[in-house]
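# Survey of secondary and tertiary structure
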Amino acid sequence: MQLEKKDIRSLSKEQLRDFFVSQGDKSFRGNQVYEWLWSKGAHSFEDMSNLSKATRQMLEDHFVINHIRVDNMQISSDGTIKNGVKLHDGLIVESVLIPTETRTTACVSSQVGCSLDCEFCATAKLKRMRNLNPDEIYDQVLTIDQQSRQNHGRPLSNIVFMGMGEPLMNYNNVQAAIDKITSDEGLGMSPKRITVSTSGIPKMIRKLADDQVKFKLAVSLHSAIEETRNRIMPFSKSFPLTDLRDALQYWYSKTKSRITFEYVVWRGINDDKASIDALVKFCKQMPSKVNLIEYNPIDDGEFQQADNQAINNYIKALESNDITVVVRRSRGKDIDAACGQLANKS
């Protein structure tokens, strides 16, 4: 019976060096292979042109490279690119390249499906099948960086963990992927250009603070009224707003990095004065800013975009209380690539 080959990217550089020594070769070969795997993004051992044919065959005999493959690519009228990414076991996730005049942002997935049950999100309807490995997260970023260079003539500038899945429910793998992305031996990106978006899991936010991460934190809030938040995000019944507030205050005390609240305004759900006042009060308890996000309906149900007057009421209230607010217009809606629409329809 043939043993299943190990994915070579699960090995550290030291383990690769040790492997070559165990095969009677020089340890520096491990450095060469490591560079091919990460900074050069090799898809196969054949790509490793500075290794002898015998060495490449030896690697082939022992290992595999479980690289992702773009199975389906759609390009929006606004230049947004959505990738249907096939994993080595045949499962699919989606990632998105979002271009503006000054930057290109990669929106990447951290789980196949999602651990949570937010009523307004198409991804939540899929349920979680498994966590993504660090290399599968890394590959999404590398692919979008290449697409950015090919289509927009510039490298990727920002990364948001706002694709499929709850990043903090895959904490170790997300952290390992970010370490590779920010390493000089990986993509060398600044952690300050990376934002991890969570639905708000207090215990894990505290862990981020204790680990003194350097990336930015965004929280999908959508309501600062407990009853409303529990209705639209049922899992949040386990994570009361008081616990979330305390965790975010702890985050700021440790990192001195202000929090971004992602906030969608829906007609008849959170477009009233009580919801606005509650958000203002919540924001004033820690340094924060608010992204008001245009909603992208996933069906004809209860969640529908609020009218402009409601959005303007939020802006006025936040600004009059010296809270920074930005309205985020969605991109890629025509290919279901906008916020909350990632559902593997392809």
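The structure displayed is predicted, hence computed values, not measured ones.

## Concerning the packing of helix α4 (residues 134-152) against helix α5 (residues 171-182)
With their axes 8 Å apart at the nearest point, α4 and α5 run at an angle of 45° to one another. The angle between the axes of α4 and α5 places the two elements in the oblique class. In this structure, α4 crosses over α5, and the sense of that crossing is right-handed. When α4 is examined against α5, the residues Pro134, Ile137, Tyr138 and Val141 are found in contact with a partner set consisting of Asn173, Val174, Ala176, Ala177, Lys180 and Ile181. Classifying every residue of the contact of α4 with α5 by side-chain character gives 8 nonpolar, 1 polar and 1 charged.

## Let's talk about the UniProt feature "binding site: S-adenosyl-L-methionine" (unreviewed entry) in the protein chain
According to UniProt, the feature "binding site: S-adenosyl-L-methionine" (unreviewed entry) maps to Gly165, Glu166, Ser197, Ser220, Leu221, His222 and Asn296 in the numbering used here. With respect to the helices and strands, Gly165 occurs in the loop between β9 (158-161) and α5. Looking at the element boundaries, Ser197 is found in strand β10 (residues 194-198).

## Considerations on the nonpolar core
Counting 84 residues, the largest nonpolar core has Met48, Leu59, Leu248, Phe261 and Val290 as its most contacted members. Counting contributing residues per domain, this core is built from domain 1 (6-64) and domain 2 (69-335), each supplying no fewer than three. If near-sequence neighbours (up to four positions away) are discounted, Phe261 is found in contact with Val219, Leu221, Leu248, Phe282, Cys283, Met286, Ser288, Lys289, Val290 and Asn291. Counting residues in each nonpolar core, the second largest holds 10 residues, with Cys118, Phe235, Ile269 and Tyr295 among its members.

## What to know about the packing of aromatic side chains
Scanning the model with the defined rule gives 9 aromatic pairs in all. Residues Phe19 and Phe63 carry aromatic rings whose centres are separated by 4.9 Å and whose planes lie at 70° to one another, so their mutual orientation is edge-to-face. Of this pair, Phe19 sits in helix α1 (residues 13-22) while Phe63 sits in strand β2 (residues 63-64), placing them 44 residues apart in sequence. On the basis of an interplanar angle of 55° and a centroid distance of 6.4 Å, the ring pair of Tyr34 and Trp38 is categorised as tilted. Members of the aromatic cluster, joined through ring pairs, are Phe19, Phe20 and Phe63. Directly above the ring of Trp38 sits Lys180, whose terminal nitrogen or CZ lies 4.8 Å from the centroid. Positioned above the aromatic ring of Tyr250, the side-chain terminus of Arg206 is 5.0 Å from the ring centre.

## A few points about the environment of Trp251
Among the structural elements, Trp251 can be located in helix α8 (residues 241-255). Taking relative accessible area as the criterion, Trp251 reaches 0% and is therefore assigned buried. Along the sequence, Trp251 and Lys207 sit 44 residues apart, while their C-alpha atoms lie 8.8 Å from each other. Residues in contact with Trp251, not counting those within four places in the same chain, are Ile205, Leu208, Ala209, Val213, Phe215, Leu217, Lys256, Ser257 and Ile259. Of note is the side chain of Trp251, whose polar atom sits 2.9 Å from the backbone oxygen of Ser257.

## Re the UniProt feature "active site" (unreviewed entry) in the protein chain
As annotated by UniProt and renumbered to match this structure, "active site" (unreviewed entry) occupies Glu94 and Cys339. Topologically, Glu94 is positioned in strand β5 (residues 92-99). We classify Glu94 as buried; its relative accessible area is 0%.

Calculation criteria
- Residues numbered from 1 in each chain as written.
- Predicted model: local features only at pLDDT ≥ 70, side-chain atom pairs only at ≥ 80, totals over all residues.
- Heavy atoms only, no water.
- Axes fitted to C-alpha atoms, helices over the stretch in contact; angles between N-to-C directions.
- Helix = DSSP H or I, 4+ residues; strand = E, 2+ residues; numbered from the N terminus.
- Parallel < 35°, antiparallel > 145°, perpendicular 65-115°, else oblique.
- Left-handed = near helix turned anticlockwise from the far one by under 90°.
- Contact = heavy atoms within 4.5 Å.
- Nonpolar A, V, L, I, M, F, W, Y, C, P; charged D, E, K, R; others polar.
- UniProt positions renumbered as here; feature names shortened; annotations may be inferred.
- Core = buried A, V, L, I, M, F, W, Y, C linked by side-chain atoms within 4.5 Å.
- Buried < 20%, exposed > 50% of the residue type's maximum accessible area, 1.4 Å probe, protein only.
- Domains from an automatic or database assignment.
- Phe/Tyr/Trp six-rings, centres within 6.5 Å; stacked < 30°, edge-to-face > 60°.
- Lys NZ or Arg CZ within 6 Å of the ring centre and 35° of its normal.
- Polar contact = N/O pair within 3.5 Å; in protein donor to acceptor, adjacent residues only side chain to side chain.

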